[in-house]
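# Descriptive analysis of the structure
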Amino acid sequence: MPQQKDIVKIAIQMPGAYPQLIQLDQKKPLSAVIKEVCDGWNLPGSDNYALQYADGVQMYITESVSRQHVSTDVTFAQEFISRDGHLLLVKIVEDSNDNVIMTHTLTGFMELMDHGIVSWENLSSVFIKKIAGFVNAKSTDASIQQVCLDILESMVLSSHSLFLHVKQEITMERLIAHLQVTNQQIQTKAMALLMALLQTAGDSDRKDMFDFLTKKSVRQYIYKNIIHSSGSVQDEMAHYLYVLQSVTLNLQEPRMRTPLDCCSQEQRDILHGLRQAAFETESENSLSHERRRSLCAKEFRKLGFSNNSNPGQDLSRTPPGLLALDTMYYFAARYPDAYSRFVLENSSREDKHECPFARSSIQLTLILCEILRIGEPPSETGSDYHPIFFSQDRLMEELFCVCIQLLNKTWKEMRATQEDFDKVMQVVREQITRTLSSKPTSLELFKNKVNALNYSEILKLRQTERLHQEETLAPPVLELKERLKPELLELIRQQRLNRLCQGTMFRKISSRRRQDKLWYCRLSPNHKMLHYGDVEEDTENPPIETLQEKIPVADIKGLLTGKDCPHMKENKGKQNKVLDLAFSITYDVEEYSLNFIAPSRTDFCLWTDGLSVLLGREMSSESMRSELEILLSMEIKLRLLDLENVPIPDNAPVVPKPPSNFNFCYDFSQTEQ
């Protein structure tokens, strides 16, 4: 007798027969159980029957019922297909005209094909034409159209030959019409088929399809009637909007991966067009070859090209390649006033403080390519689309036009020099990324938001996130951080003193700019003397012996900054422009002072920190705080590498009690033998 735990009572029902309550022996083969049930109803041919769950998901039960496992419908599908059941469904579709029968047949066929047992390649042309006919028809049952769109999508994605067949049969006009219905299921399935066609198409076919979509104003319809509809965008539709965005932006990839060809007259003309649009020059035809060449090189340098004699070399790097040339030319042609203002404003600044238009544009184009993921194939699960994409025909170019002006604004806010170029670009990347993450729905809204997110706001956000990150760190990690601080602060102190030993070129303030003089100041290697003296403009890193004046560090009494400096009180006219770059040291019982105007905010922070170290004070600049956080973060990550994915307890584990005796040892000599 079997044990009681192997026996379960179950009810079995069949249409037209009284239900049976049986005691199921789980150790018996499933075929034997089915035969006993069939015998109870006097049914011949038990091999033609199977058990199926009546409640919940009505799956068929396999032989593994004795182990409480349930298979999916693939069991039925395999048996059905092995008996050519799928061919019967195809035949019904080809011959039937009854809508009810057609709906159930197509639904069953699609569910059957989803198992991947039968290849889509085996379908007849008659079947494909019939399915496409349902999609092309103007008045067909919605349930039939929905499943037909589903079937065609699977065909297109399965092989290129089926893509060509479906593309030939389907009418793009009707497919787009399905996007414009109120039925969300039809809308979604039509979008799915459209994305399948776009992704599978070759470059030429894809371009033709995009041209047709543009002609039919599909983007505008999606923006108005899907994204801004009364209901929220469903997950499946969000995925297809993301795919459409990705495939469209990837049309820029060939230009992004193509370097400028210096032999191309068209590309050279565009480069010279940028130069001529920025500067009003005398007629170049009347100039000699050498004079014209010199003038072009000078103006290309003002435009911000690194290689001013051959600016095409700046565009040889891919990415962004020719796409950077396209964005610059679009900005100059679409917004000529803004373009001229950018170039002329920066060409009138000191060389060190000018924001180079060309260099900035090339790097900004690369940043936008990375943010918009141009060149990356769409993910199968992605759904992160930008509503702003559907509000503009030329999103890449229009974003560039907004962001290049933002870059110039941020450059001025940071009082940046050429040395700060990478730092400025990091801030601009963060401004763009943060703004796009808020999902602005129009270019104007993006423009307002990104300009409101100025440099000071970025610093505040970084500080807030840093504090939040610290709050989430485990107490032992916070303790480690505090222990590391003194060592890292000492590292920063030494760096500041080394920087003072290298020295810096400063400019004297005067009422007339042309009479400004340069002077150099540096700390002696033994950190006991501050040497300084006037120098010529082309002097670089003058030897300490050439600096005639000096102040003993021991005589320095104080460090003043900003409006407290004597030269800020004396030169009130220039005060606002350089207030945050001004600092002074007082010496000889504070009767005398040496006054500085730092070339940049970075130099200001380095010098005020270094002088504070010499005076035995704490460093307090924003650069010091930023560098300390970076060093702490890196050091902690290195220290915790071996503890990755290991939870760190808030408190140290309890030390176990010592053993009752210590009568044990380990004989290493025996191990070696």
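Residues numbered from 1 in each chain as written. Predicted model: local features only at pLDDT ≥ 70, side-chain atom pairs only at ≥ 80, totals over all residues. Heavy atoms only, no water.

Looking at the protein as a whole, the pLDDT averages 88, with 91% of positions reaching at least 70. Overall, residues 64-68 carries pLDDT values under 50, and its contacts beyond four positions in sequence, including any with other chains, amount to six contacts. (pLDDT = per-residue confidence, 0-100. Contact = heavy atoms within 4.5 Å.)

On to the environment of Leu 407, then. For Leu 407, the position within the fold is in helix 19 (residues 395-413). Separated by 155 residues in sequence, Leu 407 and Gly 562 have C-alpha atoms that sit 27 Å apart. (Helix = DSSP H or I, 4+ residues; strand = E, 2+ residues; numbered from the N terminus.)

So, on to the domain arrangement of the protein. Here the protein is partitioned into domain 1 (7-51), domain 2 (75-251), domain 3 (265-281 + 288-466) and domain 4 (486-625). Here the C-alpha centre of domain 4 lies 71 Å away from the C-alpha centre of domain 2. (Domains from an automatic or database assignment.)

Tracing the backbone shows Gln 20 in strand 2 (residues 20-25). Reaching out from Gln 20, the side chain makes a polar contact with the backbone oxygen of Val 37 at a distance of 3.1 Å. Ignoring sequence-local partners within four residues, the contact set of Gln 20 consists of Ile 10, Ala 11, Ile 12, Val 37, Gly 40 and Trp 41. (Polar contact = N/O pair within 3.5 Å; in protein donor to acceptor, adjacent residues only side chain to side chain.)

If you walk across this open sheet you meet the three strands as 7-8-9, and the pairing is antiparallel. Looking at strand neighbours, the two that pair on one side only are strand 7 (556-561) and strand 9 (592-597), the edges of this open sheet. On average, adjacent strands in this sheet sit at an angle of 20° to one another, irrespective of strand direction. Across six bridges, strand 8 (residues 582-587) lies against strand 9 in antiparallel orientation. Each bridged residue has a counterpart across the sheet, and for Ser 584 the counterpart in strand 9 is Asn 595. (Pairing = 2+ DSSP bridges. Axes fitted to C-alpha atoms, helices over the stretch in contact; angles between N-to-C directions.)

Looking now at a negative patch on the surface. There is a patch of like negative charges on the surface, built from Asp 351, Glu 536, Glu 537, Asp 538 and Glu 540. Note on placement: Glu 540 falls in the loop between strand 5 (529-535) and strand 6 (549-552). (Patch = residues over 30% accessible without salt bridge, like charges linked within 9 Å, V, L, I, M, F, W, Y side chains within 5 Å. Areas by Shrake-Rupley, 256 points an atom, 1.4 Å probe, with all protein chains shown as cover. Salt bridge = Lys/Arg side-chain N within 4 Å of Asp/Glu carboxyl O. Lys, Arg positive; Asp, Glu negative; His and termini not counted. Charge placed at Lys NZ, Arg CZ, Asp CG, Glu CD.)

In this structure, Met 155, Leu 303 and Leu 364 are the most contacted members of the largest nonpolar core, which totals 128 residues. Counting residues in each nonpolar core, the second largest holds 41 residues, with Ala 474, Cys 605, Trp 607 and Met 624 among its members. (Core = buried A, V, L, I, M, F, W, Y, C linked by side-chain atoms within 4.5 Å. Buried < 20%, exposed > 50% of the residue type's maximum accessible area, 1.4 Å probe, protein only.)

The next thing to look at is the packing of aromatic side chains. To describe a pair of aromatic rings, one takes the distance between the centres and the angle between the planes. Applying the stated rule across the entire model yields 22 aromatic pairs. Taking 5.3 Å as the distance between ring centres and 70° as the angle between the ring planes, the aromatic pair formed by Phe 342 and Phe 357 counts as edge-to-face. Placement of the pair is Phe 342 in helix 17 (residues 336-347) and Phe 357 in helix 18 (residues 357-371), with a sequence separation of 15 residues. The exposure classification of Phe 342 matches that of Phe 357, with both residues buried. Clustering of aromatic rings is evident, with ring pairs tying together Phe 506, Trp 519, Tyr 532, Phe 583, Phe 596, Phe 604 and Trp 607. (Phe/Tyr/Trp six-rings, centres within 6.5 Å; stacked < 30°, edge-to-face > 60°.)

Moving on, we get to the environment of Asn 526. Relative to the elements of secondary structure, Asn 526 occurs in the loop between strand 4 (518-523) and strand 5. Through-space distance from the C-alpha of Asn 526 to that of Pro 475 is 41 Å; in sequence the pair is 51 residues apart. Here the side chain of Asn 526 touches Ser 524 through a polar contact of 2.6 Å, side chain to side chain. A polar atom in the side chain of Asn 526 sits 3.0 Å from the backbone nitrogen of Lys 528.

Along the polypeptide, Gln 431 turns up in helix 20 (residues 421-437). Within the structure, the side chain of Gln 431 is placed 2.8 Å from the backbone oxygen of Leu 453, a separation counted as a polar contact. Aside from chain neighbours lying at most four places away, what touches Gln 431 is Leu 406, Thr 410, Val 450, Leu 453, Asn 454, Tyr 455 and Ile 458.

For the rest of this paragraph, the subject is the sheet that holds strand 4. Ordered in space as 3-4-5-6, the four strands form an open sheet in which the pairing is antiparallel. With partners counted over all chains shown, the strands left at the sheet margins are strand 3 (504-507) and strand 6, one partner each. Across this sheet, the average inter-strand angle for adjacent strands is 25°, counted without regard to direction. As paired strands, strand 3 and strand 4 are joined by four bridges and run antiparallel to one another. Bridging across to strand 4, Thr 504 finds its partner in Cys 521. In this fold helix 23 (residues 475-502) packs onto strand 3 and strand 4, with an angle of close to 135° to the strand it touches most, strand 4.

Let's shift gears to a nonpolar patch on the surface. A contiguous nonpolar surface patch, about 210 Å² in accessible area, is contributed by Leu 643, Val 646 and Ile 648. Along the polypeptide, Ile 648 turns up in the loop between helix 27 (622-639) and helix 28 (668-672). Taking the relative accessible area as the measure of exposure, Ile 648 reaches 31% and is therefore partly exposed.

Opposite charge on two side chains permits pairing when their charged atoms draw close. Tallying each qualifying case throughout the model produces 37 salt bridges. As a salt-bridge pair, Arg 219 and Asp 393 come within 2.8 Å of each other at their nearest N and O atoms. Taken as a pair, Arg 219 in helix 11 (residues 218-227) and Asp 393 in the loop between helix 18 and helix 19 lie far apart in primary sequence, 174 residues in all. Overall, Asp 393 belongs to the exposed group, its relative accessible area being 58%. For Glu 457, the salt bridge is made with Lys 460, and the minimal N-O distance between the two is 3.6 Å. With Glu 457 and Lys 460 both in helix 22 (residues 455-472), this residue pair falls three residues apart, about one helical turn.

Time to look at the state of the cysteines. Using the criterion set out here, one finds zero disulfides in the structure. No disulfide involves Cys 501; its sulfur sits 11 Å from the nearest other cysteine sulfur, which is in Cys 521. No disulfide involves Cys 605; its sulfur sits 14 Å from that of Cys 565, the nearest cysteine. (Disulfide = S-S within 2.5 Å.)

What follows deals with helix 8 (residues 172-179). Across the eight residues that make up helix 8, a large majority, six, are buried. Considering only its buried residues, helix 8 is in contact with helix 5 (125-136), helix 6 (142-158), helix 9 (184-200), helix 10 (203-215) and helix 11.

Turning next to helix 16 (residues 322-334). Three- or four-residue spacings in an α-helix give side chains the same orientation, since the helix completes a turn every 3.6 residues. Here helix 16 spans 18 Å end to end across 13 residues, near enough to the 18 Å set by a 1.5 Å rise per residue. Buried residues of helix 16: Leu 322, Leu 323, Ala 324, Leu 325, Thr 327, Met 328, Tyr 330, Phe 331 and Ala 332, and no others. (Expected span 1.5 Å × (residues − 1).)

So, on to the packing of helix 6 against helix 9. Two numbers describe how helix 6 lies on helix 9: the axes approach to 9 Å, and their chain directions differ by 20°. Comparing the axis directions of helix 6 and helix 9 gives the class roughly parallel. Read as a crossing pair, helix 6 and helix 9 show a hand that is left-handed. When helix 6 is examined against helix 9, the residues Ala 142, Gln 145, Gln 146, Leu 149, Asp 150, Leu 152, Glu 153, Val 156 and Leu 157 are found in contact with a partner set consisting of Gln 185, Ile 186, Lys 189, Ala 190, Ala 192, Leu 193, Ala 196, Leu 197 and Thr 200. (Parallel < 35°, antiparallel > 145°, perpendicular 65-115°, else oblique. Left-handed = near helix turned anticlockwise from the far one by under 90°.)

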